[in-house]
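# Architecture and fold: a report
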Amino acid sequence: MNSPLQGNGNDMGARLEFTKNLNHVTNKIHATSNIDEIMLDVSKDICSLFNADRLTIYMVGEDKASLISKVKTGLNSFKDLKLPIAEQSIAGYAAFHKKLLNLKDVYDEQELAAVSPTLRFLQDVDKRTGYRTKQMLVAPITEDNGELVGVMQVINNKAGAPFPNLVEDGVRELTQTLAVALRQRQQQQVNVVKTKYDYLVSDAVMSAAELELATRTARRKGVEIEEVLLDEFQVKPEALGKALSSFFGVPYEAHRADRIKPSELLRNLRREYVESSHWVPIDDIQEGVVILTTDPERIQASRVVNNIFPKNRLIYKVCTLREFKATLDLFYGGGNSASSTGEATGGYEDTSSMDDLLTSLASDEESIDTGQDDASAAADNELVKLVNKIIVDAYKMGASDIHVEPLPGKGKTGIRLRKDGSLLQYIEIPATYRNALVTRLKIMCDLDISEKRKPQDGKIKFKKYGPLDIELRVATIPSQGGVEDVVMRILASGDPIPLDNMGFSERNLELVKKTVTKPYGLFFVCGPTGSGKTTTLHSILKHINTPDTKIWTAEDPVEITQKGLRQVQINKKAGLDFATIMRAFLRADPDVIMVGEMRDKETVSTGIEASLTGHLVFAT
């Protein structure tokens, strides 16, 4: 949205354009569903409207004596800043006197003194971030009866001049809109539903105290809260289903013991797969294929079902976990698939030998239907066992990486493992299962199985599929011949090693401890892949991790977790890369910053600047 304020503020065309943009912003404010959305979604439009650099919105605190501000600390994250409603600060003065202030330069003490002898500009944020605040337009947000709701603060006119009268009028009008919106959002958030079970309280099925007790009981027993609600609090499945339906916005489907098995829909779907994915097709009606799931939101977002049923319209219905398992028992027979069929799910460990699995695959190779799609073949029982076996064996052998290397045409797919820095030949898989193997790995980490032309990356939480509590970082890369390579890095969860146990010589240990306790500077750990760079850094962070130190880390992925560290996972799809997080960290009052990788100019530049401005920066 282009601002008309860059020209003459008295120009009639500019005024009309300004009014049009003001109406646009007003409509967006009314469309928001909560207070945070106003800051996240509308702040840029407000800044553009007033040709300003920054915006801050304060709300009156519950004590009626302070202002609470949502201060941006990251890409889409905020923290609360509290100011007293008093004459000492600019926002506090505007709130105390319910008066608009238009300041040319907040650092001009004479200008501030002309307003009030006690008025001061709080310079802490500028000093900490290096930002220079100059012009400031501050207006109280009041209701029609004069009651104060908050304060709106517009910072730095991009034209470099004081904010014109037209902007003052616009701010006054916008504060009236904000007064209505903020009051409505406050009332809406009083009884906000936080979890899918809160609707049980809203529907008067149980009290909030009973729900809290059920949550604690489930946590203590290590079971699903749903089991406790049904067994110990006698909540009826219909009531629970109604709560789930209200939360997810899809119809509830109760369990029917006489439901007919949809054999055609289930033809290529194994129980192990649908049970771990928490969805199953139950009917094919005129309106489309009915999908029963315990989490419609996640299943719809993953689009896996769309890939398996690409030509069908999908109708999602929700049910309880117990009803979902009962439906699977009805369709597939028996109880838990791990115990009845020997598939590797949950805590079950498949005991089949690799030779047996490969022999089974080879015997099936000739009889495979050439029209069978990749998703169907990926759910094949023997292939599922094989993938789990590869991962378990690699972990037991102490491998750091698993390389899946398919050959085009009728060439076999080679599996190599990296151990102690060297690649070792492991097994070869028949060419017929090449695409199905890659598709199975994509399904396990919720990647798009239809996208074969672009690299993708994801993560497998193997505990859902096998006996090990490990994660694998997965990268797929299209290679020559229309095939895809897959490389998996095994991330074994664990605690950081104490610095004294890292194997440093006595002299080097003393030097490291002396260096990392300095208040600022840049500390690099260098070495080849798998050499222990991240392990070393986390041992150092464990050494300096004390209650009086704020430590931020940016990692891809977060391999080792520590209490007291604020750890951020890189998410490039969401625009969250190392450079973006580094800039966010500098606004988050850090003492120590750890960056997993410094490979681009911007990240390195930001790291050097941070180390020169009183921060201790660690990187690889």
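The following paragraphs examine the structure supplied in this document. Since the structure is predicted, the reported quantities are computational estimates derived from the model, not experimental observations. (Residues numbered from 1 in each chain as written. Predicted model: local features only at pLDDT ≥ 70, side-chain atom pairs only at ≥ 80, totals over all residues. Heavy atoms only, no water.)

### Here we look at the packing of aromatic side chains
Enumeration according to the criterion identifies seven aromatic pairs in this entry. When the centroid spacing of 6.0 Å and the interplanar angle of 90° are considered together, the rings of Tyr273 and Trp279 count as edge-to-face. The exposure class of Trp279 is buried, given its relative accessible area of 2%. Aromatic pair Phe523 and Phe618: ring centres 5.3 Å apart, planes at 50°, arrangement tilted. Of this pair, Phe523 sits in strand S16 (residues 521-524) while Phe618 sits in strand S20 (residues 616-619), and the two are 95 residues apart along the sequence. Accessibility assignment for this pair places Phe523 and Phe618 in one class, buried. When the ring centre of Tyr131 is taken as reference, the NZ or CZ atom of Arg54 above it lies at 3.6 Å. (Phe/Tyr/Trp six-rings, centres within 6.5 Å; stacked < 30°, edge-to-face > 60°. Buried < 20%, exposed > 50% of the residue type's maximum accessible area, 1.4 Å probe, protein only. Helix = DSSP H or I, 4+ residues; strand = E, 2+ residues; numbered from the N terminus. Lys NZ or Arg CZ within 6 Å of the ring centre and 35° of its normal.)

### Overview of the environment of Val592
Relative to the assigned elements, Val592 resides in strand S19 (residues 592-595). Judged by its relative accessible area of 4%, Val592 is buried. The spacing of Val592 and Thr549 is 43 residues in sequence and 7.4 Å in space, taken between C-alpha atoms.

### Some words on the pattern of salt bridges
Across all of its chains, the model carries 23 salt bridges by this definition. The shortest N-O distance in the salt bridge between Glu451 and Arg453 comes to 4.0 Å. For Glu451, a relative accessible area of 17% puts it in the buried group. With a closest N to O distance of 2.2 Å, Glu602 and Arg583 form a salt bridge. Linking Glu602 in helix H24 (residues 601-612) with Arg583 in helix H23 (residues 578-586), this pair joins segments that are 19 residues apart in sequence. Through salt bridges with shared partners, a single network forms among Glu168, Asp169 and Arg172. (Salt bridge = Lys/Arg side-chain N within 4 Å of Asp/Glu carboxyl O.)

### Here we look at the pairing of strand S11 (residues 413-419)
In terms of strand pairing, strand S10 (residues 401-406) meets S11 through six bridges, oriented antiparallel. Counted as the bridge partner of Pro406 is Thr413 from S11. Taken together, S10 and the strand that follows it, S11, pair antiparallel across an intervening segment of six residues, in which Gly409 is found at a positive phi of about 65°. Following S11, the chain reverses through two residues before pairing antiparallel with strand S12 (residues 422-429); Asp420 in that reversal takes a positive phi of roughly 55°. (Pairing = 2+ DSSP bridges.)

### Some points on the sheet that holds strand S8 (residues 288-293)
On the basis of which strands lie adjacent, the open sheet formed by three strands has the order S7-S8-S9 and mixed pairing. Of all strands in the sheet, those bounded by a partner on one side alone are strand S7 (279-285) and strand S9 (314-318). For this sheet, the mean angle separating the axes of adjacent strands, direction not counted, is 30°. Summarising the sheet, S7 and S8 pair through six bridges and their orientation is antiparallel. The residue bridging Val280 from the neighbouring strand is Leu292, located in S8. Lying on the sheet, helix H15 (residues 321-332) is in contact with S7 and S8; it crosses S7 at an angle near 65°. (Axes fitted to C-alpha atoms, helices over the stretch in contact; angles between N-to-C directions. Contact = heavy atoms within 4.5 Å.)

### Here we look at the sheet that holds S16
Within the open sheet, the five strands sit side by side as S16-S20-S19-S17-S18. Their pairing is parallel. Because the sheet does not close on itself, it has two edges, and the strands there are S16 and strand S18 (565-569). Ignoring strand direction, the axes of neighbouring strands in this sheet form an average angle of 15°. Here S16 pairs with S20 via four bridges, running parallel. Note that in S20 the partner of Phe524 across the bridge is Ala619. Each of S16, strand S17 (551-555), S18, S19 and S20 is contacted by helix H22 (residues 533-544), which is oriented at about 155° to S20, the strand it contacts most. The strands touched by H24 are S16, S19 and S20; relative to S16, the strand with the most contacts, the crossing angle is about 130°.

### Description of a nonpolar patch on the surface
Residues Leu522, Phe524, Ile608 and Leu612 make up a contiguous nonpolar surface patch of roughly 370 Å² in combined accessible area. For the nonpolar patch, the secondary structure elements donating two or more residues are S16 and H24. Within the secondary structure, Leu612 sits in helix H24. Judged by relative accessible area, which is 66%, Leu612 ranks as exposed. (Patch = residues over 30% accessible without salt bridge, like charges linked within 9 Å, V, L, I, M, F, W, Y side chains within 5 Å. Areas by Shrake-Rupley, 256 points an atom, 1.4 Å probe, with all protein chains shown as cover.)

### Looking at H24
Along its 12 residues, H24 runs 17 Å from first to last C-alpha, staying within 8% of the 16 Å computed at 1.5 Å per residue. Listed as buried for H24 are Thr603, Thr606, Gly607, Ala610 and Ser611. Each buried residue of H24 lies within a common arc of 135° when the element is viewed along its axis, so the set occupies one face. Away from the buried face of H24 by more than 90 degrees, exposed residues Lys601 and Leu612 are located. Close packing links the buried residues of H24 with S16, H23, S19 and S20. Measuring from the side-chain oxygen of the N-cap residue of H24 to the backbone nitrogen of Glu602 gives 3.2 Å; that N-cap residue is Asp600. Within two residues after H24, Gly614 carries a phi angle of roughly 95°, on the positive side. (Expected span 1.5 Å × (residues − 1). Arc of directions from axis to C-beta. Polar contact = N/O pair within 3.5 Å; in protein donor to acceptor, adjacent residues only side chain to side chain.)

### What about the packing of helix H21 (residues 506-516) against H22?
Close contact between H21 and H22 brings their axes to 10 Å; oriented N to C, the two are set at 65°. Crossing angle aside, the handedness with which H21 passes H22 is right-handed. Between H21 and H22, the residues in contact are Val512, Lys513 and Val516 and Ile540, His543 and Ile544, respectively. Across the contact of H21 with H22, the residue classes tally to four nonpolar, one polar and one charged. (Left-handed = near helix turned anticlockwise from the far one by under 90°. Nonpolar A, V, L, I, M, F, W, Y, C, P; charged D, E, K, R; others polar.)

### Let's talk about the packing of H23 against H24
Helix packing geometry: the angle between the two helix axes and the distance between the axes. At their nearest, the axes of H23 and H24 sit 8 Å apart, and the two run at 20° to each other. Regarding the angle of H23 to H24, the classification is roughly parallel. Seen along the crossing, H23 lies across H24 with a hand that is left-handed. Across the interface between the two elements, Phe578, Ala579, Met582, Arg583 and Leu586 from H23 touch Glu602, Thr603, Thr606, Gly607 and Ala610 from H24. Grouping the amino acids of the contact of H23 with H24 by side-chain chemistry returns five nonpolar, three polar and two charged. (Parallel < 35°, antiparallel > 145°, perpendicular 65-115°, else oblique.)

### Points about the environment of Phe247
Within the secondary structure, Phe247 sits in helix H10 (residues 237-248). For Phe247, a relative accessible area of 32% corresponds to the partly exposed category. In the structure, Phe247 is positioned 49 residues away from Asp198 in sequence and 8.7 Å away in space, judged by C-alpha atoms.

### Considering the side chain of Thr603
In this structure, Thr603 sits in helix H24. With near-sequence residues (within four places) excluded, Thr603 lies in contact with Phe578, Ala579, Met582, Val595, Glu597 and Met598.

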